[in-house]
Amino acid sequence: ITPDAGQIWANYANVLMDLDRVEEADLAAQMAVDLSPYSAVAHNNLGTVRQRRGQYAEAEDHFSRALGLNGDYADAHANMAEVLKDTGRVKEALPHYERARELDPTEPAMRSNHLLALCTVDDLDPAGIAAAHRSGGKAQAKTPQLNRAGRRLRIGYVSPDFRRHSVAYFLEPLFEHHDSESVEVFAYANMPTAGDAVTQRFKRLANHWRDVYALDDQAFARQVRADQIDILLDLAGHTRGNRLAAFAHRPAPVQMSYLGYPATTGLDAVDFRLTDAWADPPGMTEAFHCETLLRLDGGFLCYRPDDDAPDVTALPAHSHKGVTFGSFNNLAKVNTVVIETWATILESVPGSHLVLKAKALQDKATVARVTGAFARYGIDPARIKCLGWIIDGSPLAAYHLIDIALDTFPYNGTTTTCEAQWMGVPTVTLAGNWHAARVGVSLMTRLGLEDWIAPNRDAYVTLAAAKARDLD
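If you're wondering where the values come from, they're calculated on a predicted model, not measured in any experiment. (Residues numbered from 1 in each chain as written. Predicted model: local features only at pLDDT ≥ 70, side-chain atom pairs only at ≥ 80, totals over all residues. Heavy atoms only, no water.)

### Observations concerning the overall build of the protein
- Regarding its fold elements, the protein presents 17 helices and 13 strands.
- Against the 2.2 N^0.38 benchmark of 23 Å for 472 residues, the protein shows a C-alpha radius of gyration of 23 Å, consistent with a compact globule.
- Here the C-alpha coordinates of the protein stretch approximately 65 × 60 × 40 Å along the principal axes.
- Classification of the 472 residues of the protein by burial places 55% in the buried group.
- Here the analysis covers contacts within the protein between residues at least 6 apart in sequence; of these, 66% occur between residues at least 24 apart.
- Surface accessibility of the protein: about 20400 Å² in total, with carbon and sulfur atoms responsible for 52%.
- Seen as two clouds, the 46 positive and the 59 negative side-chain charges of the protein have centres 2 Å apart. (Helix = DSSP H or I, 4+ residues; strand = E, 2+ residues; numbered from the N terminus. Rg over C-alpha atoms; globule rule 2.2 N^0.38 Å. Buried < 20%, exposed > 50% of the residue type's maximum accessible area, 1.4 Å probe, protein only. Contact = heavy atoms within 4.5 Å. Areas by Shrake-Rupley, 256 points an atom, 1.4 Å probe, with all protein chains shown as cover. Lys, Arg positive; Asp, Glu negative; His and termini not counted. Charge placed at Lys NZ, Arg CZ, Asp CG, Glu CD.)

Right, here's the structure in full:
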């Protein structure tokens, strides 16, 4: 009816993004900008598409244009913060997160995005992170305990990640091994699309499947109450697609957080958090949580690797000159202290190299920024190999390139550490003083690899260099 309306093309791009039709969304968003070059919304939407496609420099440019047109545009501040975080510039992102929250204080995503970013900041202590999470975390009063006489325990899992996602590697084994005689599983999927093959496996494993993406928080809470859920588990924390705002309505008598987030939810309505005594040693981290910590004796993670994982190969150091270190963690975790520490390791091990893999590293400007950061510590950019996401074949094949994995800190890897071990690549990890900084301790201890855990940065450097000299 009105093919020249830029606003309609911008809205159409949003719908296509929700449907994961990203190339079509790009065309629609570009059309919006062409038709309305002075529209902040059009530039913001094109930026989100370009960020999804890994074109981070272009995304940043469009978010900047949007903010130039409207400096009080909350979404543009939030999106600028996200692109800065994803390209390893979290401290530059923080003012944008804070401004987005000021401009749109009632939008839960603004708060959640900010809180997740705080977990990666190298000089913010755990108490400060916990205090930020507790802000605004009050909830409604508890409802009475349900009467379970004569029926199975009803457990509801709430997640946007019932799909090929890092959470699924740890959640699927749990679904598979629930005792069906005593537990009835409800899956509340907060997903805009039908998902993938992993989604179909979850559907078969769950007793009940609920698509809740279209439900507002009140309607979602009513659905949980109608299902008479006994224990409701949040699997996302403050990551994208969470439904913590619905948990605040207290739809279940017992509510827990597990797996998808490394810190407290900050909600009084979440009673428990599942963890273990290595990630959260008794007496160390209770003060950083609103929830009561429930420590599982066998460790809080159970990893199921891909069925199509390639075979483990010999160490590349046996056929090449020098040892190759590597990290495949999100660049948001690769802060300036981590870069300085890894540069010291490279200096300590002559002839060594470092392989980094992250989605943002398919962007040339991001690669230049990362290699430039290492160059400031005297590391030749030729010693740093940067890989974007691997589309063709198994992404685990990239582990064939490295001898020793280096964990990030204070926000450790989880799936990346498990993948590294599965591919025969041990991980040097640093033991911190709160959950996100101790997941590596939990994983390496459960594998009997305590000798790969360092108590501080100096020991981390010494340990990595020592392992590089002892390839056997």
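### Considering helix α17 (residues 457-468)
- Here α17 is twelve residues long and its end C-alpha atoms lie 17 Å apart, about the 16 Å a rise of 1.5 Å per residue gives.
- Within α17, burial applies to Y460, V461, L463, A464, A465, K467 and A468.
- In this fold, the buried residues of α17 make contact with β8 (324-327), α13 (336-348), β11 (404-406), β12 (427-430) and β13 (453-454).
- The N-terminus of α17 is capped by N456, whose side-chain oxygen sits 3.3 Å from the backbone nitrogen of D458. (Expected span 1.5 Å × (residues − 1). Polar contact = N/O pair within 3.5 Å; in protein donor to acceptor, adjacent residues only side chain to side chain.)

### Here we look at the nonpolar core
- Judged by nonpolar contacts, the single largest core of 68 residues is most densely connected at F325, W342, L354, F374, L406 and Y460.
- Setting aside residues up to four positions removed in sequence, F374 forms contacts with I339, W342, A343, L354, L356, I379 and I384.
- F170, V185, F202 and V439 belong to the second-largest nonpolar core, a separate cluster that totals 34 residues. (Core = buried A, V, L, I, M, F, W, Y, C linked by side-chain atoms within 4.5 Å.)

### Let's talk about the environment of G372
- For G372, the position within the fold is in helix α14 (residues 364-375).
- You can call G372 partly exposed: its relative accessible area is 23%.
- Taking C-alpha positions, G372 is 29 Å from D392, a pair spaced 20 residues apart along the chain.

### Some remarks on the side chain of T239
- Turning to its location among the elements, T239 is positioned in the loop between β4 (231-234) and α12 (244-247).
- Sequence-distant contacts of T239, that is, excluding residues within four places in its chain, are made with L116, G260 and Y261.

### Focus on the packing of aromatic side chains
- In total, this model carries twelve aromatic pairs according to the counting rule given.
- Considering the side-chain rings of F175 and F202, the 5.3 Å spacing of their centres and the 85° angle between planes classify their relative orientation as edge-to-face. Residue F175 is found in helix α9 (residues 166-177), and its partner F202 is found in helix α10 (residues 197-205); the two are separated by 27 residues along the sequence. Comparing F175 with F202 shows no difference in burial state: the two are buried.
- Taken together, the ring pairs in this structure connect Y157, F162, F175, F202 and W209 into an aromatic cluster.
- Over the ring of Y411 we find K333; its NZ or CZ atom is 4.2 Å from the centre of that ring.
- One Lys or Arg, K467, reaches over the ring of W452 and ends 4.5 Å from the middle of that ring. (Phe/Tyr/Trp six-rings, centres within 6.5 Å; stacked < 30°, edge-to-face > 60°. Lys NZ or Arg CZ within 6 Å of the ring centre and 35° of its normal.)

### Considerations on the sheet that holds strand β9 (residues 353-357)
- Taken together, six strands build an open sheet; the order of strands is β10-β9-β8-β11-β12-β13 and the sheet is parallel. This sheet does not close on itself; its edge strands, each paired only once, are β10 (384-387) and β13.
- Strands β8, β9, β10 and β11 of the sheet are contacted by α13, whose axis makes an angle of about 145° with β9. (Pairing = 2+ DSSP bridges. Axes fitted to C-alpha atoms, helices over the stretch in contact; angles between N-to-C directions.)

### Description of the packing of helix α7 (residues 108-118) against helix α8 (residues 126-134)
- Axis separation between α7 and α8 bottoms out at 10 Å; the angle between their running directions is 170°. In terms of orientation, α7 lies roughly antiparallel with respect to α8. Between α7 and α8, the contacting residues are R111, L115 and L118 on the first element and I129, A132, H133 and R134 on the second.
- In the contact of α7 with α8, the residues fall into four nonpolar, one polar and two charged. (Parallel < 35°, antiparallel > 145°, perpendicular 65-115°, else oblique. Nonpolar A, V, L, I, M, F, W, Y, C, P; charged D, E, K, R; others polar.)

### Let's talk about the pairing of strand β2 (residues 183-189)
- For β2, a buried count of seven out of seven residues is recorded, marking the element as mostly surrounded by other parts of the structure.
- Burial along β2 is two-sided: V183, V185, A187 and A189 facing one way and E184, F186 and Y188 facing the other are all buried.
- Note that strand β1 (residues 153-159) and β2 share seven bridges and pair parallel. Note on β2: the bridge partner recorded for Y157 is A187.
- In this fold, the crossover linking β1 to β2 by way of α9 has right-handed handedness.
- Looking at chain direction, β2 and strand β3 (residues 208-211) are connected through four bridges and run parallel. Its bridge partner lying in β3, A187 is registered against W209. (Right-handed = clockwise from strand over helix to strand, strands pointing away.)

### Let's talk about the packing of helix α6 (residues 90-103) against α7
- Between α6 and α7, whose axes approach to 9 Å, the crossing angle comes to 155°. Regarding the angle of α6 to α7, the classification is roughly antiparallel. Of the two elements, α6 crosses α7, and the hand of that crossing is left-handed. Together, V90, L94, Y97, E98, A100 and R101 of α6 and M110, R111, N113, H114, L115, A117 and L118 of α7 make up the contact between the two elements.
- Taken together, the residues that form the contact of α6 with α7 break down as eight nonpolar, two polar and three charged. (Left-handed = near helix turned anticlockwise from the far one by under 90°.)

### Examining the pattern of salt bridges
- Applying the stated criterion across every chain yields a total of 29 salt bridges.
- One salt bridge in this structure joins R295 and E286, with 2.8 Å as the shortest N-O distance.
- According to the relative accessible area criterion, E286 is partly exposed, its value standing at 35%. (Salt bridge = Lys/Arg side-chain N within 4 Å of Asp/Glu carboxyl O.)

### Looking at the sheet that holds strand β5 (residues 254-257)
- In spatial order, the strands read β3-β2-β1-β4-β5-β6-β7; together these seven strands make up an open sheet with parallel pairing. Either end of the sheet is taken by a strand with one partner, and the two such strands are β3 and β7 (292-295). When strand polarity is set aside, the average angle formed by the axes of neighbouring strands in this sheet is 25°.
- Strands β1, β2, β3 and β4 of the sheet are contacted by helix α11 (residues 217-226), whose axis makes an angle of about 165° with β2.

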